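Overview (structure and organization)
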Amino acid sequence: MVEVFLQWRDDYLIGVEELDFEHRDLFARLNELHEELAHDADRARIENCLGEICARMAAHFALEEKFMRDTDFPEYDHHKKEHDDFLEVIIDYAEEIGSTRDITKRDELESELQHWIIDHVTTSDQELGYPKERTAGFWKKVSGSIFPKDR
Ligand SMILES: [Fe+2]
Ligand SMILES: [Fe+2]
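In this text, all values refer to a predicted model and were calculated from it rather than measured experimentally.

This part is about the overall build of the protein. In terms of regular secondary structure, the protein is built from four helices and zero strands. The N-to-C order of helical and strand elements in the protein reads α-α-α-α. When burial is assessed residue by residue, the protein has 13% of its 151 residues classed as buried. A separation of at least 24 residues holds for 70% of the contacts in the protein among residues at least 6 apart in sequence.

This is how it looks when you write it as structure tokens:
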């Protein structure tokens, strides 16, 4: 059993159910990738795992961006740029890892993933939630599900 790579903590919660669910899921997928890399799984498995992470991250970013648009979030452009830039980095790594046996690339990728996700979830993504000290209506507050109009 490999040590847990990314430990989820409840203070990472932002208070928006769907986004919190996906953050936990991303942590779990990154831990899965860590296991595969630690056990030196074959290239196909690692590529598969990385492909899944890229797809889930892209889908998560799209959901978050929809949430920001729906709530007239004031820092939309800045936040979206963080997503776009990171996705580019991850896709580049995924391609590189698919075409090299250079083990240091794997360590770089893991460290990049670990630092980015913790940093992003604990700073930028926290702005999306509803901290208790922020009064309702700071931007349009949507209670309960984040997409009530769609349901
Ligand atoms: Fe997020
Ligand atoms: Fe985000």
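Moving on: the packing of helix H1 (residues 17–38) against helix H2 (residues 43–70). The geometry of H1 relative to H2 is characterised by a closest axis approach of 10 Å and an angle of 165° between their N-to-C directions. Considered as vectors, H1 and H2 are oriented roughly antiparallel to each other. Where H1 crosses over H2, the handedness of that crossing is left-handed. For the pair formed by H1 and H2, the contact residues are Glu 18, Leu 19, Glu 22, Asp 25, Leu 26, Arg 29, Leu 30, Glu 32, Leu 33, Glu 36 and Leu 37 on the first element and Arg 45, Ile 46, Cys 49, Leu 50, Glu 52, Ile 53, Arg 56, Met 57, His 60, Leu 63, Glu 64 and Phe 67 on the second.

Another point: the environment of Arg 43. On the secondary structure map, Arg 43 appears in helix H2. Assessed through the 11 C-beta atoms surrounding it within 10 Å, Arg 43 is described here as exposed. Through-space distance from the C-alpha of Arg 43 to that of Gly 98 is 7.0 Å; in sequence the pair is 55 residues apart.

Let us now look at the packing of helix H3 (residues 76–99) against helix H4 (residues 103–122). Taken N-terminus to C-terminus, the directions of H3 and H4 make an angle of 160°; their axes are 10 Å apart at the nearest point. Of the possible angle classes, the one that applies to H3 and H4 is roughly antiparallel. The hand of the H3/H4 crossing is left-handed. Seen from H3, the contacting residues are Glu 82, Phe 86, Val 89, Tyr 93, Glu 96 and Ile 97; seen from H4, they are Lys 105, Arg 106, Leu 109, Glu 112, Trp 116 and His 120. Residue classes in the contact of H3 with H4 are distributed as six nonpolar, one polar and five charged.

Time to look at the nonpolar core. If you look at the biggest cluster of nonpolar residues, it comprises nine residues: Phe 27, Leu 30, Leu 33, Leu 37, Cys 49, Leu 50, Ile 97, Leu 109 and Leu 113. Elements with a minimum of two residues in this core: H1, H2 and H4. Among the elements that take part in this core, H1 stands out by supplying four residues, more than any other. Beyond its immediate chain neighbours, meaning those up to four positions away, Cys 49 contacts Glu 32, Leu 33 and Glu 36.

This brings us to unusual backbone geometry. In the Ramachandran plot, Asp 72 falls in the positive-phi region, its phi being about 50° despite a non-glycine side chain. With respect to the element layout, Asp 72 can be found in the loop between H2 and H3. The class for Asp 72 is exposed, based on 9 C-beta atoms found within 10 Å.

The next point concerns the confidence of the model for the protein. Averaged over every residue, the pLDDT of the protein is 83; residues scoring 70 or more account for 84%. Taking the mean pLDDT of every element in the protein, the minimum, 90, falls on H4 and the maximum, 93, on H1. When the criterion is pLDDT under 50, residues 132–145 qualifies, and its contacts beyond four places in sequence or with other chains add up to twelve contacts. Note on residues 147–151: pLDDT under 50 across the span, and three contacts to partners over four residues away in sequence or across chains.

The next subject is the environment of Ala 28. Topologically, Ala 28 is positioned in helix H1. Accessibility expressed as a C-beta count within 10 Å gives 12 for Ala 28, which makes it exposed. Along the chain, Ala 28 and Val 4 lie 24 residues apart, while their C-alpha atoms are 9.6 Å from each other.

Scoring rules and cut-offs
- Residues numbered from 1 in each chain as written.
- Chains lettered and ligands numbered in written order.
- Predicted model: local features only at pLDDT ≥ 70, side-chain atom pairs only at ≥ 80, totals over all residues.
- Helix = DSSP H or I, 4+ residues; strand = E, 2+ residues; numbered from the N terminus.
- Buried ≥ 20, exposed ≤ 12 C-beta atoms within 10 Å, placed from the backbone.
- Contact = placed C-beta atoms within 7 Å.
- Axes fitted to C-alpha atoms, helices over the stretch in contact; angles between N-to-C directions.
- Parallel < 35°, antiparallel > 145°, perpendicular 65-115°, else oblique.
- Left-handed = near helix turned anticlockwise from the far one by under 90°.
- Nonpolar A, V, L, I, M, F, W, Y, C, P; charged D, E, K, R; others polar.
- Core = buried A, V, L, I, M, F, W, Y, C linked by C-beta atoms within 7 Å.
- pLDDT = per-residue confidence, 0-100.

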